[in-house]
Amino acid sequence: MRGVVLISGSGSNLQAIIDQADNIDLNISCVISNNADAYGLTRANNAGIPCHVIDHTQFDSREAFDQVVSETINRYNPDIIILAGFMRIFTEAFVQQYCGKMLNIHPSLLPKFQGLNTHQRVIDANEKEHGVSIHFVTAELDGGPVIAQSRVAVLPSDDASSLAKRVLIEEHKLFPKVIHWFTQGRLELNNGKAILDGKAL
Ligand code: GAR
C-alpha cells in the first residue's frame, strides 16, 4: 500500500516506520511536515523519500492550510495517511475526506490525557500507568476509535523526559504493527468502530 506520513518534529516514529516498511508492506510515497526544521525531514531525505514542507504560519486560516495539505496528499493517491507526531489540528472537512484511512499516534492511554504535555500531566496526576494509543482519526480531537495501546509503568523516579523515552520505545513497536494490520486489509473503520479481523476492538 501507498502511505503518506505527516510529521512536525523529530520523526522517531517515522524512522521506525521507514525501518519496517518492507516488512509491513508499506511504500512511503512522501513525508509532509508543517515545520521546516523538523529532524524527520532529514530522516526522510536519508531514506530517499520525497518531502514537502507546508508551513502553517504562512496561511491565514486552517481551511487554507488544510487545502494545500490535502492537495499535496492527493497527488500521491495514498491508501493510508499516517500522523506520526503531527502537531496540528485539522478541520472537520479535511478529516472527513480521509475517514477510515487516517491513523494517529498519541502518547497516552486514551481516552485519558488527550491534548498536549501528556507525560507531565500523567506524573502530576500520580498515575501508576501510562502508555501510547493508536487510533483512527475522526473530527473529535484525539477522540477517534482506539485500535491498540501499549502500557508502561510510571516509576517514582520518573520525570516527563524519562517517561517519554520509555513510551517512545513502545510507540516504535506498536505503530508499525498497527500499520501492518491496515496494509494487510485486516483493519477498518466501520460505523464509528475500529474493526480487526472482523471483530470490533
Ligand atoms: C510522539 O510521542 C507521538 O506520540 C506524539 O508526538 C511524538 C512525536 O515524536 N504525538 C502527539 O502528541 C500527537 N498529539 P517523533 O517525532 O519522534 O515521532
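Attention here is on the structure that accompanies the text. The numbering scheme is per chain: residues are counted from 1 as the chain's sequence reads. Whole-chain, interface and lining totals are the exception, using all residues; otherwise, since this is a predicted model, local features are given only for residues with pLDDT of at least 70 and side-chain atom pairs are given and counted only at 80 or more. To get the side-chain values, all heavy atoms of the structure are used, and hydrogens and water are removed first.

**As for the layout of surface pockets**
Note on definitions: the grid is 1 Å and covers protein atoms alone; a cavity is a set of points where a 1.4 Å probe fits but cannot get out; a pocket is an open set with protein on both sides within 12 Å along at least five of seven lines; lining residues have an atom within 4 Å of a point. Grid points are joined across faces, edges and corners, and a volume is the space filled by probe spheres set on the points. A volume near 900 Å³ is recorded for the largest pocket. Secondary-structure elements contributing two or more residues to the lining of the largest pocket are α1 (12-20), β5 (102-106), α5 (118-124) and α6 (160-183). Residue classes in the lining of the largest pocket are distributed as 15 nonpolar, 17 polar and 5 charged. By definition, any uninterrupted DSSP run of H or I lasting at least four residues is a helix, any uninterrupted run of E lasting at least two residues is a strand, and each is numbered from the N terminus. By the convention adopted, Pro, Cys, Tyr, Trp, Phe, Met, Ile, Leu, Val and Ala count as nonpolar, Lys, Arg, Asp and Glu as charged, and the other residues, Gly among them, as polar.

**Digging into α1**
Looking at α1, one finds that the buried residues are Ser12, Asn13, Leu14, Ala16, Ile17 and Ile18. By the convention used here, residues are in contact when the closest approach between their heavy atoms is within 4.5 Å. Of the surrounding elements, those touching the buried residues of α1 are β1 (2-7), β2 (27-33), α2 (39-46), β4 (80-83), β5 and α6. Any residue under 20% of the maximum accessible area for its type is buried, any over 50% is exposed, and the rest in between are partly exposed; the area is computed with a 1.4 Å probe on protein chains only.

**Quick notes on the sheet that holds β1**
Strands sit in the order β3-β2-β1-β4-β5-β6-β7 across an open sheet of 7 strands; the sheet is mixed. Two strands close off the open sheet at either side, each with one partner strand: β3 (51-53) and β7 (146-153). In this sheet, adjacent strand axes meet at a mean angle of 20° when their direction is disregarded. By this definition, two strands are paired if DSSP reports at least two bridges between them. In this structure, β1 lies alongside β4, joined through 4 bridges in parallel fashion. Paired with Val5 across the strands is Ile82, a residue of β4. Against the sheet, α2 makes contact with β1, β2 and β3, and its axis sits at roughly 155° relative to β3, the strand it touches most. For helices, the axis comes from a line fit to the C-alpha atoms of the stretch in contact; other axes are also lines fit to C-alpha atoms, and the angle between any two N-to-C directions lies between 0 and 180 degrees.

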